[in-house]
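Analysis of the macromolecular model
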Amino acid sequence: MGKHALLSASSSHRWLSCPPSARLCADGEDKGSEYARQGTDAHILCEYKLKKMLGMDCDDPTESLSFYDEEMEECADGYAGFVVEQLSKAKEICTDPVVLIEQKLDFSKYVCEGFGTGDCVIVADGTVSVIDYKHGLGVLVSAENNPQMMCYALGALELFDGIYDVDTVSMTIYQPRRENISTFIISKAELIQWAETVLVPTAKLAYAGEGEFKAGEHCQFCKVKATCRKRMEYNMELARYDFEMPATLSEEEIAVILTKVDELSAWAEDVKEYALTQALAGTKYTGFKVVEGRSNRKYTDETKVAAVVSDAGFDPYEKEVAGITAMQKLLGKKKFEELLGSLVYKPQGKPTLVPESDKRSAMNTAIEDFSEN
Ligand code: SF4
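The structure reproduced in this document is the subject of the present report.

Thresholds applied
Residues numbered from 1 in each chain as written. Predicted model: local features only at pLDDT ≥ 70, side-chain atom pairs only at ≥ 80, totals over all residues. Heavy atoms only, no water. Near = heavy atom within 4 Å. 1 Å grid on protein atoms, 1.4 Å probe; cavity = no way out; pocket = protein on both sides within 12 Å on 5 of 7 lines; lining within 4 Å. Sits in = over half its atoms within 2 Å of the grid points. Nonpolar A, V, L, I, M, F, W, Y, C, P; charged D, E, K, R; others polar. Core = buried A, V, L, I, M, F, W, Y, C linked by side-chain atoms within 4.5 Å. Buried < 20%, exposed > 50% of the residue type's maximum accessible area, 1.4 Å probe, protein only. Helix = DSSP H or I, 4+ residues; strand = E, 2+ residues; numbered from the N terminus. Contact = heavy atoms within 4.5 Å. Phe/Tyr/Trp six-rings, centres within 6.5 Å; stacked < 30°, edge-to-face > 60°. Lys NZ or Arg CZ within 6 Å of the ring centre and 35° of its normal. Points joined across faces, edges and corners; volume = space filled by probe spheres on them. Domains from an automatic or database assignment. Pairing = 2+ DSSP bridges. Axes fitted to C-alpha atoms, helices over the stretch in contact; angles between N-to-C directions.

This part covers the site of the ligand. In the vicinity of the ligand, the contacting residues are R14, C18, S21, F213, K214, A215, H218, C219, C222, V224, K225 and C228. Cavity membership is defined here by more than half of the atoms lying within 2 Å of grid points; on that basis the ligand lies in the largest cavity. Across the shell around the ligand, the residue classes tally to seven nonpolar, two polar and three charged.

Okay, here's the thing in structure tokens:
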């Protein structure tokens, strides 16, 4: 299991929702995804940028980062700037705030073997602030009642509560690629109450491999998500939906399906991906075989192709106007605006059906357009 605790803070949303998943995930193989490695690189860069901004000694890690790009650079600069701003605010109320970077936070007082690493912790009189950087784009992460952040905060309290008189805990998720800064503030008393009434009993069940299986959106981070029976039952419930007369679905029924359809298709994709991996390793599924997918012709060596075509008297290259990002990089933001501002437009996005809770404002639909006339 390496340095991964059975009940880690980062997986706490999953094991608090479905305690038996903890043991099942501990047995499963840990395949570090490309996204996870990209996140690790971003965290290393963030740590460097912040230390540099605070005048601390550190080596530039950029050369060693496989996923480094311009966007990562901007995100890390933004993160460092944000933390420094928070630190200045802390200095307004406290003369000697402490800032800790990549700090090991031990919350094993509440969760067996529980520890995690906080990207940044700021401690000032009265308040402990935990800041976590998220590089991911896929899921918008909220700090509100976020158990990972609450576990980190418990670890931070263990370190400082005796030294600083803490009564308030602030938790912030900094997720620049989604333009999301989410902060949740609670009193120390509320945090401890949650730890004692929710965290401790559920962690005990999870550690023992006990408790109820419960499927939901947290399944996407579970190692047995493709083969879990509970998740199958949860998703198949929809498939078994007892549609009665009339023969076509009502709007209410379609609305029910829409609330579950994303999870249903995510589950179906997980099962397909798992089955393909197994089939390639030799498993036979009755009625299925592995075939080669479609593929397109490719050059074996582009340099040679260019040379051969040039020798034959033709121009092997096509010229294209650089894309907007590349052009902006070439000209710089100001010049880009000056020269091309009037030649850039944003086409209307493809209509998408999303839950009411989505932050974007609703588009005018055909029927509304019609009724306005
Ligand atoms: S897939 Fe979902 S329901 Fe199944 S063990 Fe994992 S978290 Fe629990």
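Having seen the structure, we can now continue with the description.
Let us look at the nonpolar core. One broad rule of soluble globular proteins: the nonpolar side chains tend to lie buried together. Ranked by size, the top nonpolar core spans 40 residues in total, and within it W15, L191, W194 and L199 carry the most contacts. Those elements that place two or more of their residues in this core are α1 (12-17), β1 (98-106), β2 (115-124), β3 (127-133), α5 (147-160), β4 (168-175), β5 (180-187) and α6 (188-207). A per-element tally of this core places α5 first, with nine residues. Residue contacts for L199: discarding those within four places in its chain leaves W15, L16, Y110, V111, C151, L154 and W194. Counting residues in each nonpolar core, the second largest holds 23 residues, with M72, A80, F82 and C120 among its members.

One pass over the full model with this rule turns up five aromatic pairs. On the numbers, 6.3 Å between centres and 80° between planes, the contact of F160 with Y164 is edge-to-face. Members of the aromatic cluster, connected to one another through ring pairs, are Y79, F82, Y133 and Y174. Looking at K104, its charged tip hangs above the ring of F115, at a distance of 4.3 Å from the centre. Positioned above the aromatic ring of Y234 is the side chain of K260, whose terminal nitrogen or guanidinium carbon lies 4.1 Å from the ring centre.

With that settled, the discussion passes to empty space enclosed by the protein. Per the stated rule, a full pass over the model turns up two cavities of 30 Å³ or more. The calculated volume of the largest cavity comes to roughly 90 Å³. What lines the largest cavity is a set of 15 residues, among which C18, S21, C219, C222 and C228 lie closest to the centre. A domain-level breakdown of the lining of the largest cavity finds at least three residues from each of domain 1 (12-208) and domain 2 (225-280). Reported here for the second largest cavity is a volume of approximately 40 Å³. For the lining of the second largest cavity, the secondary-structure elements that each account for two or more residues are α3 (34-53) and β1. A per-element tally of the lining of the second largest cavity places α3 first, with three residues. Among the residues making up the lining of the second largest cavity, the classes are represented as four nonpolar, one polar and three charged.

The subject of this paragraph is the sheet that holds β5. Read from one edge to the other, the open sheet built from five strands follows the order β1-β2-β3-β4-β5, with strand pairing classed as mixed. Where the open sheet ends on each side, the last strands, each with one partner, are β1 and β5. Taken over all neighbouring pairs, the strand axes of this sheet differ in orientation by 25° on average, direction set aside. As judged from the eight bridges shared by β1 and β2, these two strands associate in the antiparallel manner.

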